[in-house]
Structures are given as structure tokens and as C-alpha cells.
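# Coordinate analysis (summary)
Each chain, written out:
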Amino acid sequence: MLVFYPLICQMLLCSAEVFAAAEARLDRTRIAEGETVVLILNSTDDGGGVPDVSPLAKDFDLLSSSQSMQMSMINGRSSSSRGWQFVLGPKRTGKLSVPAIRIGGATTKPLALEVLPAAQAAELGPAPPVLLEAEAEPQRPFVQQKVI
């Protein structure tokens, strides 16, 4: 019985790494030439790893990125997750593959993206509505007051 105790402890410690998970998804899987796509990455790895996005350089231009972190404690059990969003500009048309991305001790699954030539953009349907956000100061101006 004592011989198996270290083995069981080692299995439990190693299994903690199994809980580290990484997930990737695209906001769309079909786009027209000249459009961008958002790659969304989520990780529950507590190791603080950052995504290695260097494999994306083959088929995509990395136009912008953002990061978020979420922590919660429920019934004394804490959990945390980190998220990243990358705006990608495809370098060519056709069927592209977003390769697996390594985040700390976890790896995402590869994703497929179809980039249609601009002439076939009508197949995607009508263009999505445009969202415009603005901030104004002061928020409650007087009549004839300058608003920036």
C-alpha cells in the first residue's frame, strides 16, 4: 500500500495540468477579401501564459489585440480565466487555416476560414450594420456650450 501512495500523489499533481484548457474561435468562418476576422482565445491556465501568435504571420496580418481577465470565487473555490482578441487581416483568398495556438501549458485546436474573392462578396448576404460609439465631454452641456 505504501508503494502506491507516491504514485497516486504524482498522478493527482499531474492531473492538475489537465484542467488547463485553451479555446479558440473566430467571429465568422466566411469573409470577403478585404474584410477582417476576430480571433477569440480563452484560457483557464493559471500559469499566466500568453498566446504565441507567431504561427499566424504566414497567412494573416495582426492588426490589433486586446486582453481581459476574469476571476471568481464561488463557495470558497476560486477560478480565473484570461481572454484575448486579435483582429486578423487575411493575406490571400481561399481556404485558410488558423493554426493551433499555444497558451502556457495548453494548445487550441486549428480553425478553418474561407476568404472569398471580392467579386463573390454578394454570396455572404447584406453587409452587417455599422456600429459607431462616441464619447462627449461634458455629458450634460448647456445650450450653445462647446461639446468635445
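Above: the structure in question.
First, a word on what this report is: a plain description of the structure on this page. Nothing here was measured: the structure is a model prediction, and the numbers come from that model. Residue numbers here run from 1 along each chain, matching the order of that chain's written sequence. Reporting in this predicted model follows two pLDDT cut-offs: at least 70 for local features of residues, and 80 or more for side-chain atom pairs to be given and counted; totals over whole chains, interfaces and linings ignore these cut-offs and use all residues. Hydrogens are left out, water is left out, and the side-chain values use all remaining heavy atoms of the structure.

Within a sheet, each strand pairs with its neighbour through backbone hydrogen bonds, oriented either parallel or antiparallel. Two strands are counted as paired when DSSP detects at least two bridges linking them. Numbered from the N terminus, helices here are DSSP runs of H or I no shorter than four residues, and strands are runs of E no shorter than two. Pairing is antiparallel across the open sheet formed by 3 strands, whose spatial order is S4-S8-S9. On the outer flanks of this sheet lie strand S4 (51–52) and strand S9 (106–107), each paired with one strand and no other. Here 2 bridges tie strand S8 (residues 102–103) to S9, and the two strands are oriented antiparallel to one another. Its bridge partner lying in S9, Arg 102 is registered against Thr 107.

What follows deals with the pairing of strand S10 (residues 111–116). As judged from the 3 bridges shared by strand S2 (residues 30–32) and S10, these two strands associate in the parallel manner. Residue pairing for S10: Arg 30 is matched across the bridge by Glu 114.

Attention now goes to unusual backbone geometry. Note that the residue after Glu 137, namely Pro 138, is joined by a cis bond; omega there is -10°. By the secondary structure assignment, Pro 138 is in the segment after S10. Even without glycine at this site, Asn 75 takes up a positive phi of about 50°. On the secondary structure map, Asn 75 appears in the loop between strand S5 (60–74) and strand S6 (77–90). One non-glycine residue, Gln 144, lies in positive phi territory at about 70°. Residue placement: Gln 144 occurs in the segment after S10. With relative accessibility at 80%, the residue Gln 144 sits in the exposed group. Type-normalised accessible area, obtained with a 1.4 Å probe on protein chains alone, sets the label of each residue: buried when under 20%, exposed when over 50%, and partly exposed for intermediate values.

Everything listed is a geometric property; what it means functionally is a separate question.
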